[in-house]
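Chains, contacts and geometry: an overview
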Amino acid sequence: MTGLGEYRPGRSWLHRLPAGVKLLGLGALIVTMTVVVNSPARLGVATAAVLVAVATARLSPRVLIGQLRQVFWVVGFIFVLQVLLTDWRRALVVCGVLLLAVCLAALVTLTTRTADMLDAATRAMAPLARFGFPVRQVAIALALTIRSIPLLVEIIRQVEEARRARGLRISPRIVFVPVIVAALRAADDFSEALIARGID
């Protein structure tokens with residue numbers, strides 16, 4: 001399974017776009033979808049547009065499905081919650097937009113090297129350095145965030161496999177507590193590594 005944030009080399013138009021343009025476009029598209037997509041019909045149009053982008057990016061559908069599979073259980077929980085609180089149409093729109101946002105983010109990470117994204121973010125923040133903004137520290141935080149995404153997904157996968165192996169039912173104590181504990185341990189490891197390199 002492909003981890004979130006894993007770059008896949010290619011020669012499509014999306015691969016050739018500068019990282020900064022892709023990041024700005026990703027933010028603009030997600031905000032636009034959140035505001036404009038408010039019905040199943042508009043969700044269908046947005047889905048078709050994203051599918052066209054996927055096809056023209058020349059990425060394997062299996063790779064993209066692998067990205068989405070890792071968030072299906074979260075989206076499923078949100079869908080049930082939305083149905084209980086609102087109705088199935090609203091639940092479909094909310095979860096559909098969420099999945100499309102993840103799909104767009106996957107398109108960016110699959111077609112952009114992490115180093116290029118960090119360089120683009122650092123250049124964008126560079127003018128703020130004269131006002132005392134910690135550009136270097138923020139860039140490191142972004143790098144750690146990107147690195148933590150596949151790590152967190154792997155932690156969730158391991159906890160789920162352990163739960164199934166023991167035949168336990170899904171519950172907050174059995175699923176979320178081990179994930180939180182493992183994530184905190186990983187954060188401690190990151191912290192110790194940064195301190196050892198003089199970044200406190």
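Note that this is a predicted model, so its numbers are computed, not measured. (Residues numbered from 1 in each chain as written. Predicted model: local features only at pLDDT ≥ 70, side-chain atom pairs only at ≥ 80, totals over all residues. Heavy atoms only, no water.)

**As for the packing of helix H2 (residues 19-36) against helix H7 (residues 114-125)**
Stated formally: To define axes, lines are fitted to C-alpha atoms, for helices over the stretch in contact only, and angles between the resulting N-to-C directions are given on a 0 to 180 degree scale. Each helix is a run of H or I in the DSSP string that is no shorter than four residues. Each strand is a run of E no shorter than two, and both are numbered from the N terminus. With respect to orientation, any angle under 35 degrees is reported as roughly parallel, any angle over 145 as roughly antiparallel, any angle of 65 to 115 as roughly perpendicular, and every other angle as oblique. Contacts are assigned to residue pairs with any non-hydrogen atoms lying within 4.5 Å of each other.
Look at H2 against H7: their axes get within 8 Å of each other, and the N-to-C directions meet at 80°. As summarised for this structure, H2 and H7 are arranged roughly perpendicular, according to the angle between their axes. Two secondary-structure elements touch here, H2 through Ala19, Gly20 and Leu23 and H7 through Asp116, Met117 and Ala120.

**Section: the nonpolar core**
Quick reminder of the rule: In this description, a nonpolar core means a group of buried Ala, Val, Leu, Ile, Met, Phe, Trp, Tyr and Cys residues linked to one another through side-chain atoms lying within 4.5 Å. The buried label applies to any residue whose accessible area, calculated with a 1.4 Å probe on protein chains only, is under 20% of its type's maximum; exposed applies above 50%, and partly exposed to all values in between.
The biggest cluster of nonpolar side chains holds 31 residues, and the ones touching the most others in it are Met33, Val37 and Leu107. Residue assignment for this core shows that the elements contributing at least two residues are H2, helix H3 (40-56), helix H4 (61-69), helix H6 (88-111) and H7. With residues near it in sequence (within four places) discarded, Met33 still touches Ala46, Val97, Leu100, Ala101 and Leu104.

**As for the UniProt feature "transmembrane region" (unreviewed entry) in the chain**
The test is simple: UniProt positions are given in the numbering used here, feature names are shortened, and annotations may be inferred rather than shown by experiment.
Within the UniProt annotation, "transmembrane region" (unreviewed entry) is assigned to residues 20-37, 68-85 and 91-110. Between the first and last C-alpha atoms of residues 20-37 the distance is 25 Å; the span itself is 94% helix and 0% strand. In the segment residues 91-110, helix accounts for 100% and strand for 0%; the C-alpha atoms at its two ends are 28 Å apart.

**Quick word on the side chain of His15**
Put simply, the test is: We define a polar contact as two N or O atoms separated by no more than 3.5 Å, with the added condition that, inside protein, one atom must be a possible hydrogen donor and the other a possible acceptor, whereas residues neighbouring each other in sequence contribute only through side-chain atom pairs.
Assignment of secondary structure puts His15 in helix H1 (residues 13-16). Among the polar contacts listed, one links the side chain of His15 to the backbone oxygen of Arg8, at a separation of 2.8 Å. One polar contact links the side chain of His15 to the main-chain amide nitrogen of Gly10, over a distance of 3.4 Å. Setting aside residues no more than four positions away along its own chain, His15 makes contact with Tyr7, Arg8, Pro9, Gly10, Lys22, Ala57, Leu59, Leu110 and Thr111.

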